[in-house]
Amino acid sequence: MRKLTVMLGLFLFLVACQNKTGMEDAQNPAEPSPEVLTVEAGQNGEVTAPTEPHDIPPVYIDEANYTGDELEIVKLMNARLHYIWEEDEKGYISLIDPQAPVSGMGRTKVRKVISMSDITIQEQKKLYQAVVRVTELKENDKEYNSTMVFWKKKEEGDSAQWIIADID
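Heads up: these notes are all about the structure in this document. Quick caveat: nothing in here was measured; it's all calculated off a predicted structure. (Residues numbered from 1 in each chain as written. Predicted model: local features only at pLDDT ≥ 70, side-chain atom pairs only at ≥ 80, totals over all residues. Heavy atoms only, no water.)

**Here's the deal with unusual backbone geometry**
Link 1 in the chain: Phi at Glu-87 is positive, roughly 55 degrees, even though this residue is not glycine.
Link 2 in the chain: On the secondary structure map, Glu-87 appears in the loop between helix H2 (68-86) and helix H3 (89-94).
Link 3 in the chain: At Asp-141, a position not held by glycine, the phi torsion is positive, near 65 degrees.
Link 4 in the chain: For Asp-141, the location among the structural elements is in the loop between strand E3 (127-138) and strand E4 (143-153).
Link 5 in the chain: Given a relative accessible area of 37%, Asp-141 falls into the partly exposed group. (Helix = DSSP H or I, 4+ residues; strand = E, 2+ residues; numbered from the N terminus. Buried < 20%, exposed > 50% of the residue type's maximum accessible area, 1.4 Å probe, protein only.)

Dropping the structure here:
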């Protein structure tokens, strides 16, 4: 009798959980996943190629919200996104200081920068250093947090350009 009571209680618990999940699904209708591939027939009956998620270009950071050095850093971040998306390792490496510990481009493309801290610029003895924390949405739909460090060398004077010093 005791086993029957425990089994009945467990059964009722599972039914209640299932019912709750069903109600939540009804309240939040599923949005089509970008990874769902559709094949459509054209006017002549030919099948068109499916649109794949990696064909969608990245979302760049809006440069209109920045000025001065911060704008230059955001442009550098956008150039990084572009080179990663285009799989242009030579262009990507051109954005990075030769002394930086960054050895190459990652294998996963970045879709967009989800969040970004304020850009903190500090003057040091031989250079200006900027730090920004970002959360990026990668092509595999995973979020990655990283800290980006940028340098602008004083010795180069007015021709000095911001460059990526590190990405952790």
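**Observations regarding the pattern of salt bridges**
Link 1 in the chain: If you walk through the whole model with that rule in mind, you get seven salt bridges.
Link 2 in the chain: Two residues, Lys-153 and Asp-97, come together in a salt bridge whose shortest N-O distance is 2.9 Å. Here Asp-97 lies in the loop between H3 and strand E1 (110-116) and Lys-153 lies in strand E4, a separation of 56 residues in the sequence.
Link 3 in the chain: On the basis of relative accessible area, Asp-97 is assigned to the buried category, the value being 2%.
Link 4 in the chain: The closest approach of N and O atoms between Glu-123 and Lys-154, which form a salt bridge, is 2.7 Å. Residue Glu-123 is found in strand E2 (residues 120-123), and its partner Lys-154 is found in the loop between E4 and strand E5 (163-167); the two are separated by 31 residues along the sequence.
Link 5 in the chain: Linked by salt bridges that have partners in common, Arg-80, Glu-136 and Lys-138 make up one network. (Salt bridge = Lys/Arg side-chain N within 4 Å of Asp/Glu carboxyl O.)

**Here we look at the packing of aromatic side chains**
Link 1 in the chain: A complete count under the given rule lists zero aromatic pairs for this structure.
Link 2 in the chain: Note that Lys-109 overlies the ring of Trp-85, its terminal NZ or CZ placed 4.8 Å from the centroid.
Link 3 in the chain: Across from the ring centre of Tyr-128, 5.3 Å away, lies the NZ or CZ of Lys-154, which sits over that ring. (Phe/Tyr/Trp six-rings, centres within 6.5 Å; stacked < 30°, edge-to-face > 60°. Lys NZ or Arg CZ within 6 Å of the ring centre and 35° of its normal.)

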